[in-house]
Amino acid sequence: MTKQEFRQFCEDNNLRYKKDGCGDPICPSRKGLKTDQLYWTGTDEIGVYVERETQKKFTFLKQKLVAQYGLRPHQDGDTDGTFYATKEQAVNVASFLGCAKNAISQATRDKMSRLLKERLHSD
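Residues numbered from 1 in each chain as written. Predicted model: local features only at pLDDT ≥ 70, side-chain atom pairs only at ≥ 80, totals over all residues. Heavy atoms only, no water.

With respect to the sheet that holds strand β6 (residues 80–85)
Across a sheet, strands are paired by hydrogen bonds formed along the backbone, either parallel or antiparallel in direction.
Here is step 1: One open sheet accounts for 6 strands, arranged β1-β2-β3-β4-β6-β5; its pairing is antiparallel. Each of the sheet's edge strands pairs with one partner strand only, and the pair in question is β1 (18–19) and β5 (72–76).
Here is step 2: Bridge analysis of strand β3 (residues 37–40) against strand β4 (residues 46–51) gives 4 bridges, and the strand direction is antiparallel. Across the sheet, Tyr 39 pairs through a bridge with Gly 47, a residue of β4.
Here is step 3: Most of the contacts of helix α1 (residues 3–12) go to strand β2 (residues 25–28), to which it runs at about 20 degrees, and overall it touches β2, β3 and β4. (Pairing = 2+ DSSP bridges. Helix = DSSP H or I, 4+ residues; strand = E, 2+ residues; numbered from the N terminus. Contact = heavy atoms within 4.5 Å. Axes fitted to C-alpha atoms, helices over the stretch in contact; angles between N-to-C directions.)

So, the pairing of β3
Here is step 1: In this structure, β2 lies alongside β3, joined through 3 bridges in antiparallel fashion. In the strand pairing of β3, Ile 26 is matched with Tyr 39.

Focus on the pattern of salt bridges
Here is step 1: Taken as a whole, this structure holds 7 salt bridges when the rule is applied.
Here is step 2: A salt bridge links Asp 76 to Lys 62, with the shortest nitrogen-to-oxygen separation between them at 2.8 Å. Here the residue Asp 76 occupies a position in strand β5, and Lys 62 occupies one in helix α2 (residues 55–67), the gap between them amounting to 14 residues.
Here is step 3: By relative accessible area, Lys 62 is classed as partly exposed at 21%. (Salt bridge = Lys/Arg side-chain N within 4 Å of Asp/Glu carboxyl O. Buried < 20%, exposed > 50% of the residue type's maximum accessible area, 1.4 Å probe, protein only.)

Here's the deal with α2
Two residues of an α-helix separated by three or four positions point the same way, owing to the 3.6 residues in each turn.
Here is step 1: Given a rise of 1.5 Å per residue, 13 residues ought to cover 18 Å, and the 18 Å separating the end C-alpha atoms of α2 matches this to within 8%.
Here is step 2: Of all the residues in α2, the buried ones are Phe 58, Leu 61 and Leu 65. Buried residues of α2, seen end-on, are gathered within an arc of 65 degrees and therefore sit on one face of the element. Opposite the buried face of α2, by more than 90 degrees, sit the exposed residues Lys 56, Phe 60 and Ala 67.
Here is step 3: Packing partners of the buried residues in α2 comprise β4, β5, β6 and α3 (87–97). (Expected span 1.5 Å × (residues − 1). Arc of directions from axis to C-beta.)

This is how it looks when you write it as structure tokens:
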């Protein structure tokens, strides 16, 4: 999978997309510590990075990612780790970790923006 294919994967599945400090593409989370992310690995698999405050919380999360979502552990630390996922697994995990965008249509966003501007400028 190329970087462009990863970007297309994120767009097709309504996932957040940005580049990290090194310029590599990631799909960041907006939940919890906000450090969880999907990342481009350069292979057909997608990387998943997760981190928790305590070893106990990370252990429970790791068990869930492996047992329920079928991810394959890659690096395992005390409070953080990386996993490999297929595209199908990554979509499910992205939803669980909060990497997905809000499912609001562009028309609704435009309408909300217009109404907000009207309220701000009517005073």
